[in-house]
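# Chains, contacts and geometry: an overview
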Amino acid sequence: MNIIRLEPDEGGNVAWPTLSTTKKSVVTVGVFDGVHRGHQAVIRRTVERAKATGSFAVVVMFDPRPAFVHKYAKTHAGIGVPDDVHDAQAISGVDERLRMMDELGVDYVLIVHYDLAFAAKSFRFFLGQLVGRVGMRTLVLGQDARMGAGLEGDVKKIATLAEGTGVFELDVVDDNGGHVRVPATFTPQPPQQPGEPGDPLAGMSKAERRAWSKRVNAREVRELSSTNVRWLLSQGRIVDANRILGHAHGVEGTVTHGEERGRTIGFPTVNLVEPIDGYLPVDGVYAGWLIDLGSEEAYAASQRPFGDVDEGGVASITQPYTSGGVESRLAPHSPYRWPAAISIGTKPTFNETTGRDERVLEAYAVTDDWLELYGHRVRVEFARFLRPQIKFDSVDALVDELKRNADETLTIVGQ
């Protein structure tokens, strides 16, 4: 797989690459946040159609998320997102999305830096560029896809354009998922009881469901959607979120020095602080896994977009994708993967960048090995919610609870 990163100019125009003068492309477009089962179905169809026609399988991926860019502009007098502002609502980082696209057999990922000037282009102009420059002859989309200025380009209008011009074909993928209702706006709500929380609508009558929808101003979304995954994670419903994703939800970051209180009571933890790649579920204690992805320096070098020219790298817009060997570390029986009891909490320290208190993730690897992971890039995956955060009256009570959490983790994820 090859990666090409594209930066729009001040007018929102992109210098789209010509991938080949003879070979055409089957293209899909989107953010692919979380790469859930719906996204996977679209990407698989793209790869299948490309193989059947001897074409390139191409993903055009927007980063940062359009919703994040427009929300930031709305609350900051119409300006774009600065490079140092982190999107804490993104389900997955770009690195994770690229790994999954590579596994699915994509040939090219064109990563477009989404900004307001680019967003102002019509869907007709955008698709015309893909046809003329990228060689698109088939466009594969999900049923709820929208694009272009004001999100005017829905599937119906794109189908009309395809039929009217005759220069590309539209293939709409049915993900076979239904619809659910989620609050139009929601804030994380920690479960108050131990154990994986269930669906709050389960067992409700139609009248009770209507009352709930009215109270929370619910809207209908596709079950296989990033919005639904975000809602589930914000309520601690890990099992349901993982079912929609088709894989374990995880976050990634660099291990930092914490207060090291866990070491003094026999439970040393790996500490991650924001910014973290991936959506942090609501505060609480979880069962899951800790995976060592290697030193941050080595990991960053393996992911460097174009190479550092000053250090002998090649300044090319096309970069052959490499994960730096991360797949072997992520494998189910990797020696770099350990069951982990995971705690997410909020420190009473105001963060001027995010405008809210800082959240911290601590992961205790349930292993007899001594782990020294400071400065390493790690991935933390979630399997199930265990309990809400509790204030303990004594150290002994805390230690007893941590032992229970470790035992529960081994029961849930296996040794």
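A quick note: this is a predicted structure, and the numbers were derived from the prediction, not measured. (Residues numbered from 1 in each chain as written. Predicted model: local features only at pLDDT ≥ 70, side-chain atom pairs only at ≥ 80, totals over all residues. Heavy atoms only, no water.)

This next bit is on the packing of helix α8 (residues 226-234) against helix α9 (residues 238-245). Axis separation between α8 and α9 bottoms out at 8 Å; the angle between their running directions is 160 degrees. The orientation of α8 relative to α9 falls into the category roughly antiparallel. Note on packing geometry: the crossing formed by α8 with α9 is left-handed. Across the interface between the two elements, N228, V229, L232 and L233 from α8 touch I238, D240, A241, I244 and L245 from α9. Along the lines of polarity and charge, the residues of the contact of α8 with α9 split into 7 nonpolar, 1 polar and 1 charged. (Axes fitted to C-alpha atoms, helices over the stretch in contact; angles between N-to-C directions. Helix = DSSP H or I, 4+ residues; strand = E, 2+ residues; numbered from the N terminus. Parallel < 35°, antiparallel > 145°, perpendicular 65-115°, else oblique. Left-handed = near helix turned anticlockwise from the far one by under 90°. Contact = heavy atoms within 4.5 Å. Nonpolar A, V, L, I, M, F, W, Y, C, P; charged D, E, K, R; others polar.)

So, on to the packing of helix α5 (residues 123-134) against helix α6 (residues 155-165). α6 packs onto α5 with a crossing angle of 50 degrees between their chain directions and a minimal axis gap of 11 Å. Classified by the angle their axes make, α5 and α6 are oblique. Between α5 and α6 lies a crossing of right-handed hand. Contacts between α5 and α6 involve F123, R124 and L127 from the first element and K157, I158 and L161 from the second.

So, on to the side chain of S92. Mapped onto the secondary structure, S92 falls in the loop between α2 (66-75) and α3 (94-103). A relative accessible area of 2% places S92 in the buried class. At 2.9 Å, the side chain of S92 forms a polar contact with the backbone nitrogen of G34. Once you skip the residues sitting within four places of it in the chain, S92 turns out to touch F32, D33, G34, R97 and G278. (Buried < 20%, exposed > 50% of the residue type's maximum accessible area, 1.4 Å probe, protein only. Polar contact = N/O pair within 3.5 Å; in protein donor to acceptor, adjacent residues only side chain to side chain.)

Our focus in this paragraph is the side chain of R379. The topology assignment puts R379 in strand β17 (residues 376-387). At 3.2 Å, the side chain of R379 and the side chain of E96 are in polar contact. Polar side-chain contacts of R379 include one of 2.8 Å to the side chain of E381. Residues within four places of R379 in sequence aside, it is in contact with E96, R99, A248, H249, G250, V251, E252, W289, L290, I291, L293 and L330.

All right, on to α2 then. Residues of α2 that are buried include every one of P66, F68, V69, Y72 and A73, and no others. The buried residues of α2 all sit within an arc of 165 degrees when viewed along its axis, so they share a single face. For α2, exposure combined with an orientation more than 90 degrees from the buried face picks out K71, K74 and T75. Where α2 is buried, its residues contact β3 (56-63) and α4 (116-119). Trailing α2 by a residue or two, A77 shows a phi angle of about 55 degrees, which is positive. (Arc of directions from axis to C-beta.)

Okay, α9 next. Across the 8 residues that make up α9, a large majority, 6, are buried. Taken residue by residue, α9 has I238, D240, A241, N242, I244 and L245 as its buried positions. Buried residues along α9 sit against α1 (37-53), α8, β13 (284-295) and β17. Just downstream of α9 lies G246, where phi reads positive at about 80 degrees.

This next bit is on the environment of A52. Mapped onto the elements of the fold, A52 is located in helix α1. Judged by its relative accessible area of 66%, A52 falls in the exposed class. A C-alpha to C-alpha distance of 42 Å links A52 and A218, two positions 166 residues apart in sequence.

The omega torsion of the bond from D63 to P64 falls at 5 degrees, within 30 degrees of zero and hence cis. Looking at where P64 falls in the secondary structure, it is placed in the loop between β3 and α2. Positive phi, close to 60 degrees, is recorded for F32, a residue that is not glycine. Within the fold, F32 resides in the loop between β2 (25-30) and α1. Positive phi, normally seen in glycine, also occurs at V35, with a value near 45 degrees. Within the secondary structure, V35 is located in the loop between β2 and α1.

Here we come to the pattern of salt bridges. Side chains that differ in charge, positive against negative, can pair when their charged atoms come close. For the structure shown, the criterion picks out 21 salt bridges. Between R65 and D87 there is a salt bridge, with the nearest N and O atoms lying 2.7 Å from each other. Of this pair, R65 sits in the loop between β3 and α2 while D87 sits in the loop between α2 and α3; the two residues are 22 residues apart in sequence, bridging distant segments of the chain. D87 carries the same exposure label as R65, and that label is buried. For D283, the salt bridge goes to R359, with nearest N and O atoms at 2.8 Å. Here R359 lies in strand β16 (residues 356-365) and D283 lies in the loop between β12 (270-273) and β13, a separation of 76 residues in the sequence. (Salt bridge = Lys/Arg side-chain N within 4 Å of Asp/Glu carboxyl O.)

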